[in-house]
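Residue-level listing of the chains:
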Amino acid sequence: MAQSIHDFHDDPRNAAIRVWINGRLVPRAEATVSVFDSGFVLGDGVWEGLRVVGGQPVFLDAHLDRLFEGAKAIALDIGLDRRGLERAIRETLAANDMHDGVHLRLMVTRGVKRTPYQDPRVTIGPATVVIIPEHKTPKPETLSTGLKLFTVHVRRGFPDVQDPKLNSHSKLNCITACIQATAAGADEALMLDPHGFVATCNSTHFFIVRKGEVWTSTGDYCLGGITRANVLHVCREAGIPAREKNFSLTEVYSAEEAFCTGTFAGVVPVREIDGRTLGDGRPGPMVARLQGLYRELVQRDVLVRAGEKLA
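What counts and what doesn't
Residues numbered from 1 in each chain as written. Predicted model: local features only at pLDDT ≥ 70, side-chain atom pairs only at ≥ 80, totals over all residues. Heavy atoms only, no water. Salt bridge = Lys/Arg side-chain N within 4 Å of Asp/Glu carboxyl O. Helix = DSSP H or I, 4+ residues; strand = E, 2+ residues; numbered from the N terminus. Buried < 20%, exposed > 50% of the residue type's maximum accessible area, 1.4 Å probe, protein only. Pairing = 2+ DSSP bridges. Contact = heavy atoms within 4.5 Å. Axes fitted to C-alpha atoms, helices over the stretch in contact; angles between N-to-C directions.

S.K.: Can you break down the pattern of salt bridges residue by residue, with the values?
M.R.: All chains considered together, the criterion is met by 15 salt bridges. In this structure, the salt-bridge partner of Asp44 is Arg110, at a minimum N-O distance of 2.6 Å. With Asp44 in the loop between α1 (38-42) and β3 (45-53) and Arg110 in the loop between β5 (102-109) and β6 (128-135), the pair connects residues that are 66 residues apart, well separated along the chain. Look at Asp44 and you get buried, because its relative accessible area is 12%.

S.K.: An account of the sheet that holds strand β1 (residues 18-21) is requested, with residue identities and associated values reported.
M.R.: The sheet built from 6 strands is open, its strands ordered β2-β1-β6-β5-β3-β4 with antiparallel pairing. Edge strands, defined here as strands with exactly one partner in the open sheet, are β2 (24-27) and β4 (56-57). The sheet contact formed by β1 and β2 spans 4 bridges and is antiparallel. Bridge pairing links Trp20 to Leu25 in β2. Across the sheet, helix α2 (residues 60-73) is in contact with β3, β4 and β5; its angle to β3 comes to roughly 175°.

S.K.: With reference to specific residues and values, describe the environment of Gly125.
M.R.: Note that Gly125 resides in the loop between β5 and β6. According to the relative accessible area criterion, Gly125 is partly exposed, its value standing at 31%. For the pair Gly125 and Asp37, spaced 88 residues apart in sequence, the C-alpha to C-alpha distance is 9.6 Å. Setting aside its immediate chain neighbours within four residues, Gly125 contacts Arg110 and Val112.

Structure, rendered in structure tokens:
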């Protein structure tokens, strides 16, 4: 989940963090890349946001899978293998003495260009790899009170225009959605697919609860969300009916509960959509149950990863 400005408190410790840039750890104030970098010039790159719990980057394998799939899709050579990226992440955490309440942004661009032009063949160097670690935790009231969503006119597009499965640096589609939602006084934008069905939010994935069933979109027009997949997984484990399907705003407005999912905050309740209050406006029993099940899954992953590190 890409964090909302409403979700976290600025932490003064972040002023002193060290950022990993192409193998060097530098103070935040000195963390820069070239104005000729592909990411700056064109948004040409892929990225991942990771949460750190108990010193472990949670669900790291799934995040690296998505990063390498995205890089392959745009013919980008990261220049490091999975083990090299994990070493870089752990080196960054160790250098900053970070263990909990941490969010990492791992970014890879195509590298420096000899001229600001879109053709990848004018790239003159290796990929640029950056890891920014920050102390960030969701506000307790966000998790307990919930979010306000607003349905925007900006749609999630067809994959032959810009594939929503690609976690690219080019996020203008989501940014314009976020701008409209903010202007409407909401925390997050609810976005429809080209056919008018509910797709996802601008930086999170969206679920509703109807008559004991958990619904989310087909996934055809949204990023392959890792927390989204994990929530569907814990539903299956717990015997909770969960469906990936097309549904309309009419079905959203009459849902008993709704929630968003993402790496940063996990499972977050939604209290209001387009001025309609869901239920009694407070987090419902299904959201509370799924928050607990997701926390348990996170702890299981932390224990497994910690055991692998010691082995």
